[in-house]
Amino acid sequence: MDRLTLSHCGRKQATVRTCTVSGFPIELLEMRSEESSLHVLLIPGNPGIVLYYKDFVEAIYQLLEGQASVTAIGHICHAAKDWEHGRMFSLEEQINHKVDFIEQEYQNSEHPLILVGHSIGSYICLEIFKRLQQQVKYVIGLYPFLSLNKSSLKQSMIGLISRSSIVSTTISYFVSFLGSLPTRVQVAMVRKCLGQSWSSTAVDATCSHVLQYHTMRNMLFMAMTEFEKLSEEPDWMFVKKKHNQISLLFGIDDHWGPLSLFEKVSRMVPGLSLSIEREGHMHAFCCTEAGSSWAGHHVATLIKNQIAK
């Protein structure tokens, strides 16, 4: 297994390793505790690159004071290396892969399993919960992408691009060309496009992982299958049934999980634990140190409250 330690002043270090699940190598970002009494598994959005969540994972671990082992699992082919040689993976295949990982890694564990999902990762968490109801004890969805937002121009554009194989391939080749440029040029371009608030870890992850043909192609293919699946209504009956084991956090200005969805969830599932983040963090909260810290406090508080029940 390949391992890489990521340092951060004043915190225990997170470790990245490669793990093979159902024949597919993926990246994990881990913080293990010898005194752990529960497991926290983070399911990322799209792109499913665990390095984006480094500060967030470390914040959760620190705030839970070693009571939990925290793991972030990447999506297949959303990695620096093209292990699958051009194969593309759908949303459903990514869900099945996460279920296989849980059954492989936690089947003999007596500790509760808590799922934390970001964006489409929130939808994936709910699907995992449906299939593994005995193992999963609690689900937290952050800035959840659970249904299409027909008023979002960005979603409409991404939908059009992802449905066209020609356009998706062209964009992926262009992105890979950018990834072939000198590192200092890549970093400068990413900072200019994405903003100065992005952490150096997030900028480096974008350069090393996103600026690859296979990653971009898989991001767009997964997006296409997301849009197909999320054109359907969420499984409100399941959410109602498990409402005391689910919490969702929405943002003020988030087209992936708009406040109209917050209002709809409130109507469809009265009593569900819902929150609105009003600090001004973006959907990609994990790409800034401030967003990661705030979300880490939010998640740790929810987990502590759930354990105390």
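Residues numbered from 1 in each chain as written. Predicted model: local features only at pLDDT ≥ 70, side-chain atom pairs only at ≥ 80, totals over all residues. Heavy atoms only, no water.

Going by what an unreviewed UniProt entry lists, the chain is known as Lipid droplet-associated hydrolase and is assigned to Musa acuminata subsp. malaccensis. Under Subcellular location (unreviewed entry), UniProt gives the following word-for-word description of the chain: "Lipid droplet". (UniProt positions renumbered as here; feature names shortened; annotations may be inferred.)

### What to know about the overall build of the chain
Along its length, the chain carries eleven helices and nine strands. Relative to its length of 309 residues, the chain is compact, with a C-alpha radius of gyration of 18 Å against a globular reference of 19 Å. When burial is assessed residue by residue, the chain has 54% of its 309 residues classed as buried. Here the contacts in the chain between residues at least 6 apart in sequence split such that 75% fall between residues at least 24 apart. As displayed, the chain offers around 13900 Å² of accessible surface, 54% of which is attributable to carbon and sulfur atoms. (Helix = DSSP H or I, 4+ residues; strand = E, 2+ residues; numbered from the N terminus. Rg over C-alpha atoms; globule rule 2.2 N^0.38 Å. Buried < 20%, exposed > 50% of the residue type's maximum accessible area, 1.4 Å probe, protein only. Contact = heavy atoms within 4.5 Å. Areas by Shrake-Rupley, 256 points an atom, 1.4 Å probe, with all protein chains shown as cover.)

### Description of the packing of helix 6 (residues 183–194) against helix 7 (residues 200–210)
Running from amino to carboxyl end, helix 6 crosses helix 7 at an angle of 115°, the nearest separation of the two axes being 10 Å. Classified by chirality, the crossing of helix 7 by helix 6 is right-handed. Mapping the contact onto sequence places Gln186, Val187, Val190, Arg191 and Leu194 in helix 6 and Ser200, Val203, Asp204, Thr206 and Cys207 in helix 7. Partitioning the contact of helix 6 with helix 7 into residue classes produces five nonpolar, three polar and two charged. (Axes fitted to C-alpha atoms, helices over the stretch in contact; angles between N-to-C directions. Left-handed = near helix turned anticlockwise from the far one by under 90°. Nonpolar A, V, L, I, M, F, W, Y, C, P; charged D, E, K, R; others polar.)

### Re the nonpolar core
Core analysis: the biggest nonpolar cluster contains 47 residues, and Val40, Tyr52, Phe56 and Leu142 have the highest contact counts within it. Once residues lying within four places of it in the same chain are set aside, the contact partners of tyrosine 52 are Pro47, Trp198, Ala202, Ala205, Thr206, Val210, Cys286 and Cys287. Counting 46 residues, the second-largest nonpolar core is a separate cluster that includes Leu113, Ile128, Val139 and Ile246. (Core = buried A, V, L, I, M, F, W, Y, C linked by side-chain atoms within 4.5 Å.)

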